[in-house]
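# Commentary on secondary and tertiary structure
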Amino acid sequence: MADTTNQNPNSCDSNCSSCSANCASRKGGAPAKAQLAEGCSVKKVIGVVSGKGGVGKSTITSLLASGVNKDGYTTAIIDADITGPSIPKAFGLSADGIGVSENGKLMIPEKSANGIQIISTNLLLENEDDPIIWRGSLIGQAVTQFWSEVYWKDVDYMFVDMPPGTGDVPLTVFQSLPVDGIVIVTSPQELVSMIVAKAVNMAKKMNVPILGVVENMSYLKCPHCGEKINVFGESHVDEAAEKYGLKVLAKLPMDPKNAQYMDAGAVEAIDLPEIKDAVKAIEAL
């Protein structure tokens, strides 16, 4: 077997079981962060996470990125949900939409209607319906490539939309990217405490700051009288947030009109006042 003692840290896929490199991870120290390509710049990195699926994490990522972008900041999204990407659909971007730099070494991210830079596996496929059938090591490698092999132009805020849970991708992101903070997404159900706990405990183990919690699908507002209807029962997010000393950044309503915007690829057209406090918390980093 070849000597990999001096293996390039940028090639790490966080899968120590298949690697013989004598690196910091194997010695118990912190692994080296992946490096941006020459000429690239990203000032702040925000991860969007959840302890389970189905809470609208990609929707929240899209709304936060759009909100920060509307405030005049250069914004980008890494769609790190490699096998279940949905960010391109939200922004109306099609498959096979990625360009290549003049030297052929870097991918050029696609841009949304308002200029948000986006990279996703669904933009690399000939057909957006094609499945990504990869093992964890390849998925982790794809995430670091989205950071190191994409031409990120003067980005103020980079959002990383992660798959649910605490597996390979969140581990790779926390170890390889300079994450400045995370936003935990949850929903108003009894499971909220468990969902928040999983995300909080992983963030603590990885020494990643938590900016706060966003509760999605918090209520439905009656179109006739304006009464708030708790479709999923009473919210428990305040209790969970208090337990872990977290801020509740937003409680977002269910709105069929906004769902139509998402399905039409027009997430940037959504005007949601309830997200503004969460946007300001990110901009205060």
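Residues numbered from 1 in each chain as written. Predicted model: local features only at pLDDT ≥ 70, side-chain atom pairs only at ≥ 80, totals over all residues. Heavy atoms only, no water.

## Thoughts on the sheet that holds strand 9 (residues 210–215)
Selection criterion: Each pair of strands is called paired provided DSSP finds at least two bridges between the two strands. The numbering of helices and of strands both runs from the N terminus, where a helix is a DSSP run of H or I of at least 4 residues and a strand a run of E of at least 2.
Across the sheet, eight strands lie side by side as 5-6-2-7-1-8-9-12; this open sheet has mixed pairing. A single partner strand is all that each edge strand has here, and the edge strands are strand 5 (110–111) and strand 12 (248–251). In this sheet, strand 7 (residues 155–161) lies alongside strand 1 (residues 42–49) in parallel orientation, the contact comprising six bridges. From the neighbouring strand, Gly47 faces strand 7, where its bridge partner is Val160.

## Some thoughts on the packing of helix 4 (residues 136–148) against helix 5 (residues 168–176)
Packed helices, taken two at a time, are described by the angle their axes make and the gap between the axes. Formally: Convention adopted: a line fitted to C-alpha atoms gives each axis, helices being fitted over their contacting stretch, and angles between N-to-C directions are expressed from 0 to 180 degrees. Orientation categories follow fixed angle ranges, with anything under 35 degrees roughly parallel, anything over 145 roughly antiparallel, 65 to 115 roughly perpendicular, and all other angles oblique. Should the near helix be turned anticlockwise from the far one by less than a right angle, the crossing is termed left-handed; should it be turned clockwise, right-handed. Any pair of residues with heavy atoms lying within 4.5 Å of one another is described as a contacting pair.
As a packed pair, helix 4 and helix 5 sit with axes 9 Å apart at the nearest point and diverge in direction by 40°. Judged by the inter-axis angle, helix 4 sits oblique to helix 5. The hand of the helix 4/helix 5 crossing is right-handed. Contact residues: helix 4 offers Gly136, Ile139, Gly140, Val143 and Thr144, while helix 5 offers Asp168, Val169, Thr172, Val173 and Ser176.

## Comments concerning the pairing of strand 9
Basically, it comes down to this: The classification of residues rests on relative accessible area computed with a 1.4 Å probe and restricted to protein chains. Under 20% of the type maximum is buried, over 50% is exposed, and intermediate values are partly exposed.
Burial within strand 9 is extensive, with five of its six residues counted as buried. As paired strands, strand 9 and strand 12 are joined by three bridges and run parallel to one another. Bridged to Glu215 within strand 12 is Lys251.

## Focus on the nonpolar core
Applied cut-off: Residues grouped as a nonpolar core are buried Ala, Val, Leu, Ile, Met, Phe, Trp, Tyr and Cys residues, joined through side-chain atoms within 4.5 Å.
By size, the foremost hydrophobic cluster in this structure holds 79 residues, and its most contacted members are Leu64, Ile78, Trp152, Met158 and Phe159. Residue contributions to this core peak at six residues, all from helix 6 (residues 192–205). Excluding residues that lie within four positions of it along the chain, Phe159 makes contacts with Ile46, Val48, Thr61, Leu64, Ala65, Val68, Thr75, Ala76, Ile77, Ile78 and Ile282.

## With respect to the environment of Asn103
The line we're drawing: Polar contacts, as used here, are pairs of N or O atoms within 3.5 Å; protein pairs need one atom able to donate a hydrogen and one able to accept it. Residues neighboring in sequence count only if both atoms are side-chain atoms.
Mapped onto the secondary structure, Asn103 falls in the loop between strand 3 (99–100) and strand 4 (107–108). For Asn103, a relative accessible area of 54% gives the class exposed. At a separation of 2.6 Å, a polar atom in the side chain of Asn103 contacts the side chain of Ser101. A polar contact of 2.9 Å, which involves the side chain of Asn103, links it to the backbone nitrogen of Lys105.

## Notes on a nonpolar patch on the surface
Cut-off, in case you're wondering: Every patch collects residues that have over 30% relative accessible area and no salt bridge, joining them within 9 Å if they carry like charges and within 5 Å if they are nonpolar side chains (Val, Leu, Ile, Met, Phe, Trp, Tyr). Note on areas: Shrake-Rupley with a 1.4 Å probe; residue coverage comes only from the protein chains shown. Each salt bridge in this description consists of a side-chain nitrogen of Lys or Arg and a carboxyl oxygen of Asp or Glu lying within 4 Å of one another.
Among the surface-exposed residues, Ile229, Val231 and Phe232 lie close enough to one another that they form a single nonpolar patch of about 230 Å² accessible area. If you trace the backbone, Val231 turns up in the loop between strand 11 (228–229) and helix 7 (237–244). A residue is classified by how much of its surface remains accessible, and Val231, at 42% relative accessible area, is partly exposed.

## What about the side chain of Ser120?
Mapped onto the elements of the fold, Ser120 is located in the loop between strand 6 (117–119) and helix 4. Here Asp79 takes part through its side chain, which lies 3.1 Å from a polar atom of the side chain of Ser120. Those residues within four positions of Ser120 in sequence are excluded, and the remaining contacts are Asp79, Pro85, Pro88 and Phe146.

## Brief notes about helix 2 (residues 57–70)
Because an α-helix packs 3.6 residues into every turn, residues spaced three or four apart end up facing the same way. Condition: The length a helix should cover is 1.5 Å for every residue beyond the first.
Taking 1.5 Å as the rise per residue, helix 2 with 14 residues should run 20 Å; its terminal C-alpha atoms sit 20 Å apart, in good agreement. Counting buried residues in helix 2 gives twelve out of 14 residues, a clear majority hidden from the surface. Residues of helix 2 that are buried include every one of Lys57, Ser58, Ile60, Thr61, Ser62, Leu63, Leu64, Ala65, Ser66, Gly67, Val68 and Asn69, and no others. Gly72 lies just past helix 2 and shows a positive phi near 100°.

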